[in-house]
Amino acid sequence: MTTAAEFDELTGRYAAFIQSLGVEPGDRVAVQVEKSVEAVMLYLACLRAGVVYLPLNTAYRESEIAYFLGDAAPKVFVHSPKDVEWVVPICESLSLANCFTMPPSRLDANAKVEEKRADWDTNARKCPPINGFVHRGDDDLACILYTSGTTGRSKGAMLTHKNLSSNALTLHRAWGFTDGDVLLHCLPLFHVHGLFVALNTILLNGGRIVFHSRFDAVAAIDALKKATVFMGVPTYYTRMLAEPSFNAQCCEHMRLFVSGSAPLLAETFEEFRQRTGHTILERYGMTETGMITSNPLHAERRGGTVGLPLPGIDVRVARDDGSIAMPGEIGHIQLKGPNVLAGYWQLPEKTAEEFTEDGYFKTGDVGMFSDDGYLSIVGRSKDLVISGGYNVYPKEIELLIDTLDGVGESAVIGLPHPDFGEAVAAVVAKKADAALEEAAIISTLKEQLANFKIPKRVFIVAELPRNTMGKVQKNVLRQQYGDTFAPKAAAEKV
């Protein structure tokens, strides 16, 4: 266990070591390490030293890291020891001299001398801690988080100190944190959800953290008796529900379950409520903005929605022509508030493209408001399928498919088609031992949907591809099934 006093001292030593390397306020420190307490201290030390923290997904490999380091030009790179072989040549090619390793836990006394010399924690603990912190203004850059890059090169979202602090304060109030709260933290630390939503909020609260290096359903269920708050992606909840022993008794100490980063299926929402007596609070956010909306703490938490706009954040749904959509009308989700990014790193033209003339950020998501202000996400605007001139919103079809017996979940995509431009197709993950047939699914949908919305093909699979945060990778599916409707002659040439 690490106490608050120890945390303060060690982050002070980490910050002092950062300064000793000649890193000045505004310079970047890139970090790609496994989850650990030391990784948390490095994040906080960067904030204390006034430098810009750049967390990188642990799944990124050589070519991706080379791009991020070349683009962000950090003064320091802290990485996993297992990647030394390919990291060192990259750093040398970029003349990046300050490269250090950070193992998942501190090196033991028997570690090799060269390993200790390269280890961040071993070096930093030798420095006398700084007092206090380097003052930075609200609009100064605090972090850069690269977007997932599912379409083209990843963009570095520039987040300011005001972006982080305003969102943490808002969530702290909206979710009712008190002195007795304890957070069970199973999320990764390179993403908004685990780093800012979970970590910043509980640190602001001064509460305790039950810290797991990764999510394991059995271990998480056991740890719930020590916690009051749990934040997870939908996959975490489905895996806990898959454990026969998971019930209301396991959750008797819990106050709040929060879900985000990917859509929560209505089936999961309802099963969790029936099994535990708790209603999951689903919220909505993104890398560029932190949290935008949330289902309420004390009012109705409505399944299939992401709740109401958070205080201080102005959210609207706009038509294609920019006019404001009516409740129940699907449009483009846009917002304005202190949580919105300063821009994209070294991409001023791209930054300008992502804002409306009156200063609203374009999320790229498509959704609608209910009459009483609850927001529902229909999908990403880039996922919109235009078939024969008709707009098809995948979420509408997915919701119907997901209610069918034997269906675990589904993903609806558009595929190139010689006549329609795009054809609607569905990829369906079946439940274990389920017997699903393409023709039967299509026949059922024909009874409930207009003909132009009916999938022309249904592909039945064991599971859908996901990224590290549990989001379905529709770009992978579009690539995998892209030639489905290609003319035979073209297919033969390929």
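Given the structure is predicted, the values throughout are model-derived calculations rather than measurements.

*Asks:* Please provide a residue-by-residue account of the sheet that holds strand β11 (residues 281-286), values included.
*Replies:* Taken in spatial order, the seven strands of this open sheet run β8-β7-β9-β10-β11-β12-β13, and their pairing is mixed. Two strands close off the open sheet at either side, each with one partner strand: β8 (208-211) and β13 (308-309). As paired strands, strand β9 (residues 229-232) and strand β10 (residues 256-259) are joined by four bridges and run parallel to one another. Paired with Phe-230 across the bridge in β10 is Phe-257. The strands touched by helix α8 (residues 192-205) within the sheet are β7 (182-185), β8, β9, β11 and β12 (290-294), with β7 carrying the most contacts at an inclination of about 160°.

*Asks:* Tell me about the state of the cysteines, and please be specific about residues and values.
*Replies:* For the structure shown, the criterion picks out zero disulfides. Considering cysteine sulfurs only, Cys-143 is the nearest to Cys-46, which forms no disulfide, with 8.1 Å between them.

*Asks:* Just give me the short version of the environment of Lys-471, but keep the residues and values in it.
*Replies:* The topology assignment puts Lys-471 in the loop between β23 (457-461) and α15 (474-480). Relative accessible area serves as the criterion here: at 39%, Lys-471 is assigned to the partly exposed category. With 174 residues separating them along the chain, Lys-471 and Leu-297 place their C-alpha atoms 25 Å apart. When residues no more than four places from it in sequence are discounted, the contact partners of Lys-471 are Ser-261, Ala-262, Pro-465 and Arg-466.

*Asks:* Residues and numbers for the nonpolar core, please.
*Replies:* Ranked by size, the top nonpolar core spans 100 residues in total, and within it Leu-42, Trp-120, Phe-230 and Met-231 carry the most contacts. Per element, the largest residue contribution to this core is nine residues, and it comes from helix α2 (residues 37-49). When neighbours within four sequence positions are excluded, Leu-42 is seen to be in contact with Tyr-14, Ile-18, Val-31, Tyr-53, Val-78, Met-102 and Trp-120. One finds Leu-54, Tyr-60, Ile-65 and Ile-90 within the second-largest nonpolar core, a separate group that totals 20 residues.

*Asks:* Can you tell me about the pairing of strand β3 (residues 76-79), naming the residues and giving the values?
*Replies:* Remember that side chains alternate between the two faces of the sheet whenever the strand is regular. Burial of the side chains of β3 extends over both faces: Val-76 and Val-78 are buried on one face and Phe-77 and His-79 on the other. Bridge analysis of strand β1 (residues 28-32) against β3 gives four bridges, and the strand direction is parallel. Bridging from a neighbouring strand, Val-31 pairs with Val-78 of β3. Here β3 runs beside strand β4 (residues 98-101); their pairing, made up of four bridges, is parallel.

*Asks:* Residue-level account of the packing of aromatic side chains, with values.
*Replies:* The description of two aromatic rings rests on the distance between their centres and on the angle between their planes. The final tally for this structure, using the stated rule, is 20 aromatic pairs. Note on Phe-215 and Tyr-236: the rings are 4.0 Å apart at their centroids and 5° apart in plane angle, and the pair reads as stacked. Within this pair, whereas Phe-215 is found in the loop between β8 and α9 (217-223), its partner Tyr-236 is found in helix α10 (residues 234-241), the two being separated by 21 residues in sequence. Between Phe-230 and Phe-257 the ring centres are 6.2 Å apart and the planes differ by 65°, which places this aromatic pair in the edge-to-face class.

*Asks:* I'd like a rundown of the pattern of salt bridges, residues and numbers included.
*Replies:* This structure, assessed with the given rule, holds 23 salt bridges. A salt bridge links Arg-466 to Glu-409; the nearest nitrogen and oxygen atoms lie 2.4 Å apart. Highlighted residues: Arg-466 in the loop between β23 and α15 and Glu-409 in strand β21 (residues 407-417), separated in sequence by 57 residues. The exposure class of Arg-466 is partly exposed, given its relative accessible area of 32%. Overall, Glu-409 belongs to the buried group, its relative accessible area being 17%. Bridged by salt links that share partners, the residues Arg-61, Lys-82 and Asp-83 form one connected network.

Parameters at a glance
Residues numbered from 1 in each chain as written. Predicted model: local features only at pLDDT ≥ 70, side-chain atom pairs only at ≥ 80, totals over all residues. Heavy atoms only, no water. Pairing = 2+ DSSP bridges. Helix = DSSP H or I, 4+ residues; strand = E, 2+ residues; numbered from the N terminus. Contact = heavy atoms within 4.5 Å. Axes fitted to C-alpha atoms, helices over the stretch in contact; angles between N-to-C directions. Disulfide = S-S within 2.5 Å. Buried < 20%, exposed > 50% of the residue type's maximum accessible area, 1.4 Å probe, protein only. Core = buried A, V, L, I, M, F, W, Y, C linked by side-chain atoms within 4.5 Å. Phe/Tyr/Trp six-rings, centres within 6.5 Å; stacked < 30°, edge-to-face > 60°. Salt bridge = Lys/Arg side-chain N within 4 Å of Asp/Glu carboxyl O.

Nothing here speaks to function; it is geometry throughout.
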